[in-house]
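# Overview (structure and organization)
Spelled out from the first residue to the last, the chains are:
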Amino acid sequence: QAKIHGQVLNDAMKKISHASDYHGEHFVLAGNLMEIEKDSINFVATDMHRLALVKIPCKNKKEVSVIMNRDFCKLIKLLPIQDTVNIMISNDNRLVFIEGSICTITGRTIDGFFPDYQYIIPKNLDHGLTVNREIMLEALQTIQSEVNQETREIKLQRKGSDLELVAERSSLVIRSDKRSEEHT
């Protein structure tokens, strides 16, 4: 059993939902991993191309991992956000119970093996780059018109201490001295 605030749980579900594989052939990837560890609860989703991980610090007595189906995860978002919720898992790990002050949501878990997501997360991030949020959002809005609407792809490439955003027809460089420069 674990206890976390409803708003924190709701935010975690929102942050990982985009990475779930809703249409793929891997049934287990249509669910989200809930991993209860001694000092945290991790929520993980992947479609084998994207990975979303939310780690919530909290003390727990028991360590357990279950895969929750996507419909159950959608229901979690409906819990009152002002409550503290109890997360309980049945002894056989087949059911998850999330109990709030006015309701309890119960869902079956998915039987299968979730990919080892920790294997693909780099241990040492030697090449970090900090970018001002407002400048990054402005750059994304500027280059958005040049994006292929079918793939909606923008590549981020590090160039020394600068960050280059590359779309299909142009690129934009965010300089470390906080100036932006556009190239076509």
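Right, let's walk through the structure included here. (Residues numbered from 1 in each chain as written. Predicted model: local features only at pLDDT ≥ 70, side-chain atom pairs only at ≥ 80, totals over all residues. Heavy atoms only, no water.)

### Side note on the side chain of Ser90
For Ser90, the location among the structural elements is in the loop between strand E6 (84-89) and strand E7 (95-99). A residue is classified by how much of its surface remains accessible, and Ser90, at 15% relative accessible area, is buried. Those residues in contact with Ser90 that sit more than four places away from it in its chain are Leu95 and Phe97. (Helix = DSSP H or I, 4+ residues; strand = E, 2+ residues; numbered from the N terminus. Buried < 20%, exposed > 50% of the residue type's maximum accessible area, 1.4 Å probe, protein only. Contact = heavy atoms within 4.5 Å.)

### Focus: helix H1 (residues 6-17)
In this model H1 runs 17 Å from its N-terminal to its C-terminal C-alpha over 12 residues, within 8% of the 16 Å that 1.5 Å per residue would give. What H1 keeps buried is the set Gly6, Leu9, Asn10, Ala12, Met13 and Ile16. Each buried residue of H1 sits inside an arc of 160° when the element is viewed along its axis, so together they form one side. Seen from the open side of H1, the exposed residues pointing more than 90 degrees away from its buried face are Lys14 and Lys15. (Expected span 1.5 Å × (residues − 1). Arc of directions from axis to C-beta.)

### Digging into a nonpolar patch on the surface
Taken together, the side chains of Leu51, Leu53, Tyr119, Ile120 and Ile121 present a nonpolar region at the surface, about 490 Å² in accessible area. Residue position: Ile120 is located in helix H3 (residues 117-120). (Patch = residues over 30% accessible without salt bridge, like charges linked within 9 Å, V, L, I, M, F, W, Y side chains within 5 Å. Areas by Shrake-Rupley, 256 points an atom, 1.4 Å probe, with all protein chains shown as cover. Salt bridge = Lys/Arg side-chain N within 4 Å of Asp/Glu carboxyl O.)

That's the geometry; what it means functionally is another story.
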